[in-house]
Amino acid sequence: MINVGYPGQEKPVVLDRHWLRDACECDICVDPDSGQKNFGTCDVPAELPIEQISRTEDGGLEIVWGNDFLTPGKHVSRYSPATIQTRAQQAVQPDAISLPALTLWDKLIFKRDHLMIDYEEWMASGKGFLSGLHRLHTHGLLFVRNVPKAEESVVSIANQIGNLQETFYGRTWDVRSKPKAENVAYTSSFLGLHQDLLYIRDTPRIQLLHCLENTCEGGESMFSDGARAGHLIKFGSPNHFDYLINKQLRYHYKKHGHHYEMEHPVLSENPNIIFWSPPFQAPTQPFEKTEGGSRSHRKWLAAASEFRRLLEEDQWMYEYKMRPGECVVFDNLRVLHGRKQFNTASGSRWLKGAYIADDVFRSKLAVLSPQLMALGGGDNAPLEYQARRFQDKYNVRSESEI
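Residues numbered from 1 in each chain as written. Predicted model: local features only at pLDDT ≥ 70, side-chain atom pairs only at ≥ 80, totals over all residues. Heavy atoms only, no water.

Here's the deal with the overall build of the protein chain
Inference 1: A count of helices and strands for the protein chain gives 12 helices and 19 strands.
Inference 2: Here the C-alpha coordinates of the protein chain stretch approximately 85 × 55 × 45 Å along the principal axes.
Inference 3: Taking all 402 residues of the protein chain together, the buried fraction comes to 49%.
Inference 4: Considering only intrachain contacts with a sequence separation of at least 6, the fraction spanning at least 24 residues in the protein chain is 75%.
Inference 5: A total accessible area of about 20100 Å² is found for the protein chain, and carbon and sulfur atoms account for 49% of it.
Inference 6: When the 46 basic and 51 acidic side-chain charges of the protein chain are each reduced to a single mean position, those positions are 7 Å apart. (Helix = DSSP H or I, 4+ residues; strand = E, 2+ residues; numbered from the N terminus. Buried < 20%, exposed > 50% of the residue type's maximum accessible area, 1.4 Å probe, protein only. Contact = heavy atoms within 4.5 Å. Areas by Shrake-Rupley, 256 points an atom, 1.4 Å probe, with all protein chains shown as cover. Lys, Arg positive; Asp, Glu negative; His and termini not counted. Charge placed at Lys NZ, Arg CZ, Asp CG, Glu CD.)

Laid out in structure tokens, this is it:
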């Protein structure tokens, strides 16, 4: 064991020599091209001899290992103070990625902040793309215009972020009305606010919809900020929040040779991610068939109805009729989307869709974190303060309920 003391700490940091040797990040131990380790944890001898240990100028450690297992003779490892102190905790935490602050929005805020990026700017991977990715992170919603009328254009837009997430609907898919549709989205009917694919384990994070045709009457797209609604619930009635984070809803798809089923609460402890997709709920939901179960269900129903109101009332929902050559890109785990009914006798409506997985989006944000931070934050006020502003503006609840 090695004891390392730091100013302000009552007890020294205790480091195990095996853990230290395993944690070396030099170019010999970690391939500089792939970033992958060149040995396994179990390859490191439990009692590798240390010839010398010293403090570096920045307060880190330098250790000279004798008779090293990986390199002939000696091996020198250097550890920064942050590495020593952070990794000494019981559980190793993922690297913290600095990202701009989120902006919770209503209809007026999104109209003010509405961002329409030109396709060529997006594809050039320069300032235009960074601005778009920044807005996709802070608001969860942006539009790309002047998109070429080609079925593969949506793939090109998506690939600027990363690889597509293929689902049982295919690599890409068409949103257009057809008889005996396998999905309500493929009809001309009204489609209420929802999220896609909550019935699969890896629900897509980013959804893209490229408008190829839209000459019919109706068919306006609708969007609402689920994170804003979630924070208003958390800020308002604690009982409503508790019911929405504790009761699971079952979502399923059991048609055309497929069987998918998952359960989610409406909200999690982090209201930035929500799960709300009424058209795709299973008809039979988990229910305790007792008087207490009935009372609990009614209380959940009151909370869910409040959540729906915070999504669907006019002041919360942004409505936009997409034009051919436009592509909407949005966070499927935050922003709900829907569509008004349209008349197929008056024209045509055709959107081409694609998905991007959560890990792929997170990876792009992490890689471009410094450039995104340089663009500044969204709304730098804490999210609970942003929720309070909506409360004050719209008198969402009386003070006695807060």
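Looking at the sheet that holds strand β15 (residues 318-320)
Either a parallel or an antiparallel arrangement is found when strands of a sheet pair, and the pairing is made through backbone hydrogen bonds.
Inference 1: Spatially, the four strands line up as an open sheet ordered β9-β17-β12-β15, and their pairing is antiparallel. Each edge of the open sheet is held by one strand with a lone partner, namely β9 (191-194) and β15. Ignoring which end each strand starts from, the neighbouring axes of this sheet average 15° apart.
Inference 2: Note: strand β12 (residues 221-225) against β15, three bridges, orientation antiparallel. Across the sheet, Phe-223 pairs through a bridge with Tyr-318, a residue of β15.
Inference 3: Taken strand by strand, helix α7 (residues 226-235) contacts β12 and β17 (335-339), and its axis lies near 40° from that of β12.
Inference 4: Seen against the sheet, helix α9 (residues 291-312) touches β9, β12 and β17 and runs at an angle of roughly 120° to β12. (Pairing = 2+ DSSP bridges. Axes fitted to C-alpha atoms, helices over the stretch in contact; angles between N-to-C directions.)

Side note on the environment of Asn-159
Inference 1: Mapping Asn-159 onto the fold places it in helix α6 (residues 153-159).
Inference 2: A residue is classified by how much of its surface remains accessible, and Asn-159, at 38% relative accessible area, is partly exposed.
Inference 3: Between the C-alpha atoms of Asn-159 and Ile-356, which are 197 residues apart in sequence, the distance is 8.9 Å.

Topic: the pairing of strand β14 (residues 260-265)
Inference 1: Looking at chain direction, strand β13 (residues 248-253) and β14 are connected through six bridges and run antiparallel. The partner of Arg-250 across the bridge, within β14, is Glu-263.
Inference 2: Where β13 hands over to β14, the hairpin turn is made up of six residues, of which His-256 adopts a positive phi near 55°.

Re the pattern of salt bridges
Close approach of charged atoms allows side chains with opposite charge to pair.
Inference 1: Per the counting criterion, the structure on display carries 23 salt bridges.
Inference 2: The salt bridge involving Asp-68 is made with Arg-21; its shortest N-O contact spans 2.9 Å. Here Asp-68, found in the loop between β4 (61-65) and β5 (75-79), pairs with Arg-21, found in helix α1 (residues 17-22); they are 47 residues apart in sequence, far enough to count as distant. The same class applies to Asp-68 as to Arg-21, namely buried.
Inference 3: The salt bridge partner of Lys-393 is Asp-106, with a shortest N-O separation of 3.3 Å. In this pair, Lys-393 sits in helix α12 (residues 383-394) while Asp-106 sits in the loop between α2 (81-86) and α3 (107-113), placing the two residues 287 residues apart along the sequence.
Inference 4: Overlapping salt bridges bring together Arg-205, Asp-331, Asp-358 and Arg-362 as one network. (Salt bridge = Lys/Arg side-chain N within 4 Å of Asp/Glu carboxyl O.)

Focus on the packing of aromatic side chains
Inference 1: A complete count under the given rule lists 19 aromatic pairs for this structure.
Inference 2: Centre to centre, the rings of Phe-168 and Tyr-253 are 5.2 Å apart; their planes meet at 40°, and the pair counts as tilted. Taken as a pair, Phe-168 in the loop between α6 and β8 (173-175) and Tyr-253 in strand β13 lie far apart in primary sequence, 85 residues in all.
Inference 3: Residue classification places Tyr-253 among the buried positions, given a relative accessible area of 7%.
Inference 4: Put simply, the rings of Trp-105, Phe-110, Phe-143, Phe-223, Tyr-318, Tyr-320 and Phe-330 touch in pairs and so form one group of aromatic residues. (Phe/Tyr/Trp six-rings, centres within 6.5 Å; stacked < 30°, edge-to-face > 60°.)

Describing the confidence of the model for the protein chain
For residues with low pLDDT, the predicted coordinates do not support detailed interpretation.
Inference 1: In this model, the protein chain carries an average pLDDT of 87, and 91% of its residues clear a pLDDT of 70 or more.
Inference 2: Model confidence for the protein chain, summarised as mean pLDDT per element, is weakest for strand β1 (residues 2-4) at 67 and strongest for strand β16 (residues 327-331) at 98.
Inference 3: Note on residues 87-92: pLDDT is under 50 here. Beyond four places in sequence and across chains, it has six contacts.
Inference 4: In the predicted structure, residues 398-402 sits below a pLDDT of 50 and forms nine contacts with residues beyond four places in sequence or in another chain. (pLDDT = per-residue confidence, 0-100.)

A short note on the side chain of His-137
Inference 1: Its location among the elements puts His-137 in helix α5 (residues 127-138).
Inference 2: A distance of 2.8 Å separates a polar atom in the side chain of His-137 from the backbone oxygen of Pro-100.
Inference 3: Beyond its immediate stretch of four places on either side in the chain, His-137 contacts Leu-99, Pro-100, Leu-102, Arg-334 and Leu-365. (Polar contact = N/O pair within 3.5 Å; in protein donor to acceptor, adjacent residues only side chain to side chain.)

Structural notes on α12
Inference 1: Helix length check: α12 (12 residues) gives 17 Å between terminal C-alpha atoms against 16 Å at 1.5 Å per residue, within 8%.
Inference 2: Of all the positions in α12, only Leu-383, Gln-386, Ala-387, Phe-390 and Gln-391 are classed as buried. Projection of α12 onto a plane perpendicular to its axis shows the buried side chains occupying an angular sector of 150°, all on one side. Among the exposed residues of α12, those pointing more than 90 degrees away from its buried face are Tyr-385 and Asp-392.
Inference 3: Taken together, the buried residues of α12 touch α3 and α7.
Inference 4: At the C-terminal side of α12, Asn-395 shows a positive phi close to 50°. (Expected span 1.5 Å × (residues − 1). Arc of directions from axis to C-beta.)

Looking at the environment of Tyr-79
Inference 1: Within the fold, Tyr-79 resides in strand β5.
Inference 2: When the C-alpha positions of Tyr-79 and Pro-148 are compared, they lie 51 Å apart, and in sequence the two are 69 residues distant.
Inference 3: Filtering out sequence-adjacent residues up to four positions away, Tyr-79 remains in contact with Leu-20, Arg-21, Ala-23, Cys-24, Gly-60, Leu-61, Ile-63, Trp-65 and Ile-84.
Inference 4: A polar contact of 2.6 Å, which involves the side chain of Tyr-79, links it to the backbone oxygen of Leu-20.

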